[in-house]
Amino acid sequence: MELLQVLHKNIPQRQKIFSLFHKKEKQDISKFVLQMIKNAIKDIKDVKILNAFIIELYDMLYYYIIFDKIKIAKKIQRLVEGLALPLHYIGEEKRREIAKKIKNIKI
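Before going into details, it helps to say that this report is about the structure given with it. (Residues numbered from 1 in each chain as written. Predicted model: local features only at pLDDT ≥ 70, side-chain atom pairs only at ≥ 80, totals over all residues. Heavy atoms only, no water.)

### Thoughts on the nonpolar core
Where we set the bar: We call a set of buried residues a nonpolar core when its members are Ala, Val, Leu, Ile, Met, Phe, Trp, Tyr or Cys and they connect through side-chain atoms within 4.5 Å of each other. Each residue is assigned to one of three classes by its accessible area relative to the maximum for its type, calculated with a 1.4 Å probe on protein chains only: buried under 20%, partly exposed between the two thresholds, exposed over 50%. Only DSSP runs of H or I covering at least 4 residues are called helices, and only runs of E covering at least 2 are called strands; the numbering of each starts at the N terminus.
Among the nonpolar cores identified, the biggest contains 30 residues, and Val33, Leu61, Ile72 and Ile102 are the most heavily contacted of them. At 10 residues, the largest contribution of residues to this core is made by helix H4 (residues 47–66).

### Looking at the side chain of Ser30
To keep it simple, the criterion reads: Whether two residues touch is decided by their heavy atoms; if any such pair falls within 4.5 Å, the residues are in contact.
Note on placement: Ser30 falls in helix H3 (residues 30–43). According to the relative accessible area criterion, Ser30 is buried, its value standing at 7%. For Ser30, the contacting residues outside a window of four places in its chain are Lys71, Ile72, Ala73 and Ile76.

### Considering the environment of Ile105
Structurally, Ile105 can be placed in the segment after helix H6 (92–104). Spatially, the C-alpha atom of Ile105 lies 8.9 Å from that of Ile76, the residues being 29 residues apart in sequence. What Ile105 contacts, discounting residues up to four positions off in sequence, is Leu34, Lys38, Lys75, Ile76 and Leu79.

Honestly, that's just the spatial picture; any functional story needs more than this.
In structure tokens:
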């Protein structure tokens, strides 16, 4: 699959996400983000495409996280930050551990 197809399939349109952010002040979206990442990990087997997906997702959320427009549980935020690092920063083994932790988190 091409990267753009994966991104459009798994990440809802930016406008939909931004409207979700603006519905309520400081809305907790931990479950929403966690579900998107779990689905992506299950569907995407190529590590590079999965990494690009998570980087794109984190880049989209970064501004809102920094300026407290949304709430994400710190545990989930740290795991997503770890997965959003480039492949050569963390090894393949560490990436597998983080993905395993995300899969085990109950919604």
